[in-house]
Amino acid sequence: MAAEPKFEGWLGKGPESAQGKMEWGAFPKVKTWDEGDVDIQITHCGICGSDVHTLSSGWGPTPYPCCVGHEIVGKAVRVGKNAEKGIKVGDRVGVGAQNSSCLRPDCEECSAGLENHCTRGVNTFASPYPDGQMSYGGYADYHRCPSHFVVKIPDAIKSDEAAPMLCGGITLYSPLKNNGCGPGKKVGIVGVGGLGHYGVMFAKALGADKVVGISRKAEKKDDVLKMGADEYIATDDDPDWANHHARSLDLIVSTVSSPKMPLMEYLQLLRTKGTFIQVGAPEDKLPDMNAFAFIAKGVKFGGSAIGPPWQIEEMLKFAADKGIHSWINKYSMKDANQAIIDFNAGKPRYRFVLENEKHL
Ligand code: NAP
Ligand code: ZN
């Protein structure tokens, strides 16, 4: 049997950790090894907005100590004999925001390939397994994960660019695919951060007639057009943006994490029978909405959560085939606290990725 890796990482011990005050240390206890599991020696981990919501207890009390990070790529160093997908020791693999689901044949969600909606799902960090152990994320040296939620990384995608696709990428690919993004559709992406920049690139690559990046400031315009957007709206710069662009989009995906978003104005941008999908997860309630925003144009309002493993694999293949590249800024794993400080300051262009030099 392979030796137990040393499970250590950046631990958040209280809400102040979200200000870049994590401490390196051993995980209290990792999930009990199962022959369906894979141990991953981490080379890269992206920084997602969800990491900060969790470190700060912004979504509710976090079970400290926690180790966040759910955009994990590395090398499989131990593979259980019952592991799925032919994963072998030495393979370059990754894990997104989900570690486990029940996978029971009688589970409505799992049996339909909707593992991401399974009510018994386990998140990659700060989430209890059925055995009572907590999950610990990827700002770390090693990660243990059931193989069903481990994906092989295609040769064409570098590890640092693959990592943020595993949560940031799939969270936009999934609602775009599931809501008919493609020829004949005009698509808007609100909030061009880590998630949003994938939204622009994937919507374009899926063949949408028009892709519009919707951001607060003008400064991201050149980048967003380079990502493939046909148009850019800077909402802070045009007080009348919602009227100027009213009824112009069939599908909008919003990544905005602030509860103060101008939601009624975003809905104004939809055409009749349009669809608005919220993926950003504010720590407070969404703004009030007037029913006529839905009734008058017959529009739909929905949400979307990451994506199931099969769709993550589909997305990686799609990204490889279309030559989609993540826009990343790299930090050493050693500098995770500085990376969090810079993330909070809105500096990512467009996703921060921690690199673990020890394992390169
Ligand atoms: P991010 O890189 O910080 O991007 C969020 C973007 O929202 C910002 O870049 C900003 O874009 C925009 N924004 C608009 N108004 C804002 C305001 N008042 N304050 C801050 N930002 C504002 O974060 P992310 O990693 O993409 O995550 C975004 C949200 O999605 C988070 O809440 C995260 O937890 C959630 N999330 C959800 C899922 C899911 O499955 N549904 C998965 C992963 C993450 P502009 O500068 O362009 O305006
Ligand atoms: Zn995430």
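Bear in mind that the values here come from a model prediction, so they are computed numbers and not experimental data. (Residues numbered from 1 in each chain as written. Chains lettered and ligands numbered in written order. Predicted model: local features only at pLDDT ≥ 70, side-chain atom pairs only at ≥ 80, totals over all residues. Heavy atoms only, no water.)

(A) Molecular detail of empty space enclosed by the protein. With the rule as written, the count across this model stands at two cavities of 30 Å³ or more. By volume, the largest cavity is sized at about 70 Å³. Here the residues of the lining of the largest cavity are counted per class, giving six nonpolar, three polar and two charged. Taken as a whole, the second largest cavity spans an internal volume of roughly 40 Å³. As for the second largest cavity, its lining consists of Gly96, Ala97, Gln98, Phe149, Ile306, Gly307, Pro309 and Ile312. (1 Å grid on protein atoms, 1.4 Å probe; cavity = no way out; pocket = protein on both sides within 12 Å on 5 of 7 lines; lining within 4 Å. Points joined across faces, edges and corners; volume = space filled by probe spheres on them. Nonpolar A, V, L, I, M, F, W, Y, C, P; charged D, E, K, R; others polar.)

(B) Spotlight on helix H4 (residues 194–205). For H4, which comprises twelve residues, the first-to-last C-alpha distance of 17 Å matches the rise-based estimate of 16 Å (1.5 Å per residue) to within 8%. Regarding H4, the residues found buried are Gly194, Leu195, Gly196, His197, Tyr198, Gly199, Val200, Met201, Phe202 and Ala203. One or two steps after H4, the chain reaches Gly207, where phi turns positive at roughly 95°. (Helix = DSSP H or I, 4+ residues; strand = E, 2+ residues; numbered from the N terminus. Expected span 1.5 Å × (residues − 1). Buried < 20%, exposed > 50% of the residue type's maximum accessible area, 1.4 Å probe, protein only.)

(C) Examining a nonpolar patch on the surface more closely. Taken together, the side chains of Met264, Leu286, Met289 and Phe301 make up a nonpolar region of the molecular surface, amounting to roughly 280 Å² of accessible area. Relative to the assigned elements, Met264 resides in helix H7 (residues 263–268). Looking at Met264, the relative accessible area reads 31%, which means it is partly exposed. (Patch = residues over 30% accessible without salt bridge, like charges linked within 9 Å, V, L, I, M, F, W, Y side chains within 5 Å. Areas by Shrake-Rupley, 256 points an atom, 1.4 Å probe, with all protein chains shown as cover. Salt bridge = Lys/Arg side-chain N within 4 Å of Asp/Glu carboxyl O.)

(D) Quick look at the environment of Leu103. Relative to the helices and strands, Leu103 resides in the loop between strand E6 (98–100) and strand E7 (122–123). Residues Leu103 and Arg120, 17 residues apart in the sequence, show an inter-C-alpha distance of 9.1 Å. Dropping the residues within four chain positions of it, Leu103 is found in contact with Cys110, Glu115 and His148. (Contact = heavy atoms within 4.5 Å.)

(E) Inspection of the UniProt feature "domain: Alcohol dehydrogenase-like N-terminal" (unreviewed entry) in the protein at higher detail. Look at the UniProt record and you will see "domain: Alcohol dehydrogenase-like N-terminal" (unreviewed entry) annotated at residues 35–155. Secondary structure across residues 35–155 comprises 6% helix and 29% strand; the distance between its end C-alpha atoms is 26 Å. (UniProt positions renumbered as here; feature names shortened; annotations may be inferred.)

(F) Layout of the domain arrangement of the protein. In terms of domains, the protein is made up of domain 1 (8–167 + 307–359) and domain 2 (169–303). Taken over C-alpha atoms, the centre of domain 1 sits 26 Å from the centre of domain 2. Domain 1 puts 24 residues into the contact, and the matching count from domain 2 is 26 residues. Buried area between domain 1 and domain 2, summed over both chains or domains, comes out near 2,100 Å², and the portion from carbon and sulfur atoms is 60%. On the domain 1 side of the contact with domain 2, Phe318, Trp327 and Tyr350 bury the most area, a combined 31% of that side's loss. (Domains from an automatic or database assignment. Buried area = accessible area lost by both parts, 1.4 Å probe.)

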